[in-house]
Amino acid sequence: MLILLINMKLFLLSICAFIVAFTVQAQEEATASFEWAEHTNSTVSGSLNPKLVFPSESGFTVYSVEELGSQFYAPKIIYITKFDASGSPLSTIDFKLPVRSQKDATLLKVIEGHNKLYVFSHVAVKKDGKNVLYAQIYDNDTHQISEAMELSTIPIEKVNNSGFFDIALSSDLNTFAVLVHQPFEKKTNEAIQVLTFDESLKKLTETAQTLSFESERSYNETLFVENDGTVTIVKKTDTSKKHPVTTLITVKENSLKEQQVSAEGFYISDSKVMTFNNSKYLIGFATDNAKPAISVGGAKDNSFFIYNISEGKLVKHKEWEKETIKRVLGKGYIDLKVKTLLTDNEDIYLIGDCYSKDSEAIEGKNFEYNYTHRFGPGIVIKFDINGNIAYEAPISYGEDYLNRMEIVGSFYPFLSNGKFYVLANEKESILKDKKIVMGYDNINAKAIVLKSFDAEGNIKTTPFWNSNTGAAKEYTDFAPTQTLQVSDHMFYIYAIGKEMHKYGKLILK
């Protein structure tokens, strides 16, 4: 009898322990609440190409770059609307790009700074013999746009050989770099100008340089500027040959340095420049066999790397783990792009996502095309700057989206309290492991999901069935690429459908 009582006590204790453990586990399970604004028409002027910026506790701002008219070469008009925290519009302004000699400027970039939008455009006019780079600044505090200012000028003889500009902003949002390519000239080396500006677009430095490369009509390069004003050009040459070359060109005030980064069996596909502990690094993805990749639709990336620009040495070059290869078609990723680099103290997260785009002419229409955007799979590599890897975690997914639905593709990575997460949307049929799904609404039903990564890179997917978007008979799908993080737990989000869209707020618990 005594033994029976002891066993009963042990059984009850185990039940209590199970309940406590289950309760703790339930408390650790991620949950979310959602607050959505009403559906509105996404096909009207001012709503065609929304980009969310400037998140705060009181609201956010949306800008949309659209064509003014229906002609193929129609000039651009930009709408900017301020929203409150509930996703309701407050006020809208619109403005056009500069016009010179009755010729409209061409938009180059819109860059988000410290509560300001910088709109860069250019226009080349043969009559006055120059190609001019313009900037217009939108102030989110005053909700006003400045007059266009001239930042740089290229003397030209022909409009079809007028050089070109590129612009980049530092991670602290305080320094702009402008790269000016002079017009093509046969049998001469490439001539450039590099200028830096502060956040008010007051010129800080200007230098003219001649590179070791022959002058060309087109370029394959990416521009970066660091917080200290160092400008880096990642330049690719011989891209159609068996051994493409990647060269780093570093400009600081009047000094210039070139260093070749690629080597036999190490061909860089996509990368970003970052500063870490006062040293500059190039981090990204690479392939060991560039030439055959052309026949299979893109660069087949099979590794990632860390290159110390300051010291001119390769720190780490690591091929994918066997487990990663098993989860990816073929022996590598196709068209893998560096989505972003995130840092948390000594930890660095390299996030990649496959992306490619195809176009097809619309029958019976001039200069009009349908664009198919392909996303996935993705990958996350967590490491330190010495190349010590904590994990590499493939994100298995793949989706195709047509035209403006591109923004529904991909995912949104973020850090919260030292942990790495991804917000995405996923089909309910996959989440519920349904083998057969009937009906259009059910086939396309989606839920917002949170993917959390543990210390070993294991991924746990938590669907939010209460998201009220992407489910059966709803009008809209969550667009992760239009997510704004306000704090560790609060986000502004966006959802779009064929003709309707809505803004919302997500609060993680």
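These figures come from a predicted structure and were not determined experimentally. (Residues numbered from 1 in each chain as written. Predicted model: local features only at pLDDT ≥ 70, side-chain atom pairs only at ≥ 80, totals over all residues. Heavy atoms only, no water.)

**Some points on unusual backbone geometry**
Item 1. For the peptide bond that leads from Gly376 to Pro377, omega is 0 degrees, which places it in the cis range.
Item 2. Tracing the backbone through its elements, the reader meets Pro377 in strand S30 (residues 369-383).
Item 3. Of note, the phi angle at Gln102 is positive, near 60 degrees, even though the residue is not glycine.
Item 4. Relative to the elements of secondary structure, Gln102 occurs in the loop between strand S7 (99-100) and strand S8 (103-104). (Helix = DSSP H or I, 4+ residues; strand = E, 2+ residues; numbered from the N terminus.)

**With respect to the packing of aromatic side chains**
Item 1. A full pass over the atoms with the stated rule returns 24 aromatic pairs.
Item 2. What links up through ring pairs into an aromatic cluster is the set Phe60, Phe83, Tyr492, Tyr494 and Tyr503.
Item 3. Between Lys339 and the ring centre of Phe411, over which it is positioned, the NZ or CZ distance is 5.2 Å.
Item 4. If you follow Lys502 out to its NZ or CZ, it ends over the ring of Trp36, 4.8 Å from the centre. (Phe/Tyr/Trp six-rings, centres within 6.5 Å; stacked < 30°, edge-to-face > 60°. Lys NZ or Arg CZ within 6 Å of the ring centre and 35° of its normal.)

**A closer look at the confidence of the model for the chain**
Item 1. On average, residues of the chain carry a pLDDT of 89, and 89% of them reach 70 or more.
Item 2. Taken as a whole, residues 1-28 scores under 50 in pLDDT and shows zero contacts with residues more than four places along the chain or in a different chain. (pLDDT = per-residue confidence, 0-100. Contact = heavy atoms within 4.5 Å.)

**Some remarks on the pairing of strand S39 (residues 490-496)**
Item 1. The buried count for S39 comes to seven of seven residues, which makes it a mostly enclosed element.
Item 2. Residues of S39 alternate between two faces, with Met490, Tyr492, Tyr494 and Ile496 on one and Phe491, Ile493 and Ala495 on the opposite face, all of them buried.
Item 3. Bridging between strand S37 (residues 477-478) and S39 involves two bridges; their strand directions are antiparallel. Bridge assignment links Asp477 to a residue of S39, and that residue is Ile496.
Item 4. Relative to S39, strand S38 (residues 484-485) is paired through two bridges, and the arrangement is antiparallel. Note on S39: the bridge partner recorded for Leu484 is Tyr492. (Buried < 20%, exposed > 50% of the residue type's maximum accessible area, 1.4 Å probe, protein only. Pairing = 2+ DSSP bridges.)

**Structural notes on empty space enclosed by the protein**
Item 1. Counting across every chain of the model gives one cavity of 30 Å³ or more.
Item 2. The volume enclosed by the largest cavity comes to roughly 30 Å³.
Item 3. Lining the largest cavity we find Val194, Thr196, Thr205, Thr207, Gly229, Val231, Val251, Lys252 and Glu253.
Item 4. Only strand S16 (189-197), strand S17 (203-214) and strand S20 (245-252) provide two or more residues apiece to the lining of the largest cavity. (1 Å grid on protein atoms, 1.4 Å probe; cavity = no way out; pocket = protein on both sides within 12 Å on 5 of 7 lines; lining within 4 Å. Points joined across faces, edges and corners; volume = space filled by probe spheres on them.)

**Let's talk about the nonpolar core**
Item 1. Within the largest apolar cluster, 20 residues are counted, with the highest numbers of intra-cluster contacts made by Ile283, Phe285, Phe304, Trp320, Leu350, Ile381 and Phe383.
Item 2. When contributions to this core are tallied by element, the ones reaching two or more residues are strand S22 (267-276), strand S23 (279-287), strand S25 (303-308), strand S28 (336-344), strand S29 (347-361) and S30.
Item 3. Setting aside anything within four residues of it in sequence, one finds Ile381 in contact with Phe285, Phe304, Trp320, Ile348, Tyr349, Leu350, Ile389, Tyr391 and Glu392.
Item 4. Membership of the second largest hydrophobic core comes to 19 residues, among which are Leu151, Ile154, Ile156 and Phe165. (Core = buried A, V, L, I, M, F, W, Y, C linked by side-chain atoms within 4.5 Å.)

**What about the environment of Glu399?**
Item 1. Tracing the chain through its elements places Glu399 in strand S32 (residues 399-402).
Item 2. According to the relative accessible area criterion, Glu399 is partly exposed, its value standing at 21%.
Item 3. C-alpha separation for the pair Glu399 and Tyr355, spaced 44 residues apart in sequence, amounts to 10.0 Å.
Item 4. Setting aside chain neighbours within four positions, we find Glu399 in contact with His373, Arg374, Phe375 and Lys427.

**Digging into the side chain of Asp166**
Item 1. Topologically, Asp166 is positioned in strand S14 (residues 164-169).
Item 2. Given a relative accessible area of 18%, Asp166 falls into the buried group.
Item 3. Only 3.1 Å separates the side chain of Asp166 from the side chain of Lys109, close enough to count as a polar contact.
Item 4. Here Asp166 is in contact with Lys109, Ala177, Val178, Leu179 and Leu223, once residues within four sequence places are set aside. (Polar contact = N/O pair within 3.5 Å; in protein donor to acceptor, adjacent residues only side chain to side chain.)

**Some thoughts on a positive patch on the surface**
Item 1. A cluster of basic residues, Lys126, Lys158, Lys186, Lys187 and Arg217, forms a positive patch on the protein surface.
Item 2. With respect to the element layout, Lys158 can be found in the loop between strand S13 (149-155) and S14.
Item 3. For Lys158, a relative accessible area of 52% puts it in the exposed group. (Patch = residues over 30% accessible without salt bridge, like charges linked within 9 Å, V, L, I, M, F, W, Y side chains within 5 Å. Areas by Shrake-Rupley, 256 points an atom, 1.4 Å probe, with all protein chains shown as cover. Salt bridge = Lys/Arg side-chain N within 4 Å of Asp/Glu carboxyl O. Lys, Arg positive; Asp, Glu negative; His and termini not counted. Charge placed at Lys NZ, Arg CZ, Asp CG, Glu CD.)

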